[in-house]
Amino acid sequence: MNISSAPLTAGPDVQFASGPAGRIAYRDIDGEGIPIVFVHGINMSSGVWSKVVPLLEGRRRIIMDLRGHGNSHSNSPFEIDDYLADLKHVIEATKISRFQLVGVSLGGMIACLYAQEHPENVQSVVAFGSAPVGKHPNLNGAMRRLRAIGVASYFEASLEKLTLPPGVDREVRDLVVSYAIDGREDATMVEAVTRAGFTTDLSHRLVPSGCPVLIVNGELDRTCTPELGRALAISTGGEALEIPNGGHILPLETPAECARLIAGMTRDADSARRGETS
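Please read all numbers here as calculations on a predicted model, not as lab measurements.

What about the sheet that holds strand β4 (residues 59-64)?
Across the sheet, which stays open at both edges, the 8 strands sit in the order β1-β2-β4-β3-β5-β6-β7-β8 with mixed pairing between neighbours. Of all strands in the sheet, those with a lone pairing partner are β1 (15-19) and β8 (239-243), marking the two edges. Across the sheet, the mean angle separating the axes of adjacent strands is 20° when strand polarity is ignored. Here 4 bridges tie strand β6 (residues 122-128) to strand β7 (residues 213-218), and the two strands are oriented parallel to one another. The partner of valine 126 across the bridge, within β7, is leucine 214. Here helix α7 (residues 226-236) sits on the sheet and contacts β7 and β8; the angle it forms with β7, its principal contact strand, is near 175°.

Structure follows, in structure tokens:
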């Protein structure tokens, strides 16, 4: 599969929701059944779903760029509740009332929090590489390096070591870097995004939403470890799954498995709901 390094919001069919601090880019692909809303993590873009979205053909798929990423605006602030507000505006713009939320990294946390606030709208949640708080080996040192060498050089040197498992395909490595740097030359903005993402601990905010939740972590993920993923599953009343030899960016590393889990979660949630109403 030939995957573009551009966000999925690139192209003539991009749309924009009027977010609280600026325009939020999204793409709405027609389909049947329960819509899927995809939410990426920090220092990524909608492009992180490029390998998963085609495998779910036939479903309505809505893929967004969070503020400070992809083709969305770059206005601060960049706290979890600001991203949550961006998601809410995309949901309002697409006029969907019941849907599946799928997130990666911090996007999974955004999905879990939205489900807590609006359980009546959420059919199920699948979170890949997510945890209540992310791990960084030396955040202050990393941010000094970012300011010294610039966004592109920083991510080219650091992302592979922090997020990907050993021996990952070169294509995956290049895509991860491109999604972090394209259109993001402002080191001050990138530092604000990164600091907020790694210093926010959501443990105290997480409660079961009543929605089916699946938390999926890679065995070799150093940012959101399987142990942290299991803690997230307990807090949200969900289930935890570990992908052998997986890293942090599972939608690019193991897209077929991710698509299978997303589709399976939809079927399981629908079956459970029919059982409750029969």
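Continuing now.
A look at the pattern of salt bridges
Within this structure, the stated rule accounts for 13 salt bridges. In this structure, glutamate 160 and arginine 173 form a salt bridge, with 3.5 Å as the shortest nitrogen-oxygen distance. With glutamate 160 in helix α4 (residues 151-163) and arginine 173 in helix α5 (residues 170-181), the pair connects residues that are 13 residues apart, well separated along the chain. Take glutamate 160: its relative accessible area is 36%, and that puts it in the partly exposed class. Assessed through its relative accessible area of 12%, arginine 173 is described here as buried. In this structure, arginine 170 and aspartate 174 form a salt bridge, with 3.4 Å as the shortest nitrogen-oxygen distance.

So, helix α3 (residues 139-149)
Within α3, burial applies to Leu139, Gly141, Ala142, Met143 and Leu146. Contacts from the buried residues of α3 go to α4 and α6 (187-199). Just past α3, the residue glycine 150 takes up positive phi, approximately 90°.

Looking at the environment of isoleucine 24
Counting through the fold element by element, isoleucine 24 comes out in strand β2 (residues 22-29). Put simply, isoleucine 24 and glycine 229 are 205 residues apart on the chain and 28 Å apart in space, counted from C-alpha to C-alpha. If we skip the residues at most four places from it in the chain, isoleucine 24 touches Gln15, Phe16, Ala17, Gly19, Met64, Asp65, Arg67, Ser72, His73, Asp86 and Val90.

Quick word on the side chain of serine 124
When you line up the elements, serine 124 lands in strand β6. We classify serine 124 as buried; its relative accessible area is 0%. A polar side-chain atom of serine 124 sits 3.3 Å from a polar atom in the side chain of glutamine 100. The contacts of serine 124, once residues within four sequence positions are left out, are Phe99, Gln100, Leu101, Pro212, Met265 and Ala269.

Topic: the pairing of strand β3 (residues 32-39)
Burial of β3 is extensive: 6 of the 8 residues sit out of reach of the surface. Judged from the 4 bridges that link them, β3 and β4 form a sheet pairing that is parallel. Within β4, the residue paired with glutamate 32 across the bridge is arginine 59.

Rules used in this analysis
- Residues numbered from 1 in each chain as written.
- Predicted model: local features only at pLDDT ≥ 70, side-chain atom pairs only at ≥ 80, totals over all residues.
- Heavy atoms only, no water.
- Pairing = 2+ DSSP bridges.
- Helix = DSSP H or I, 4+ residues; strand = E, 2+ residues; numbered from the N terminus.
- Axes fitted to C-alpha atoms, helices over the stretch in contact; angles between N-to-C directions.
- Contact = heavy atoms within 4.5 Å.
- Salt bridge = Lys/Arg side-chain N within 4 Å of Asp/Glu carboxyl O.
- Buried < 20%, exposed > 50% of the residue type's maximum accessible area, 1.4 Å probe, protein only.
- Polar contact = N/O pair within 3.5 Å; in protein donor to acceptor, adjacent residues only side chain to side chain.

These results come straight from atomic positions and should not be treated as a statement about function.
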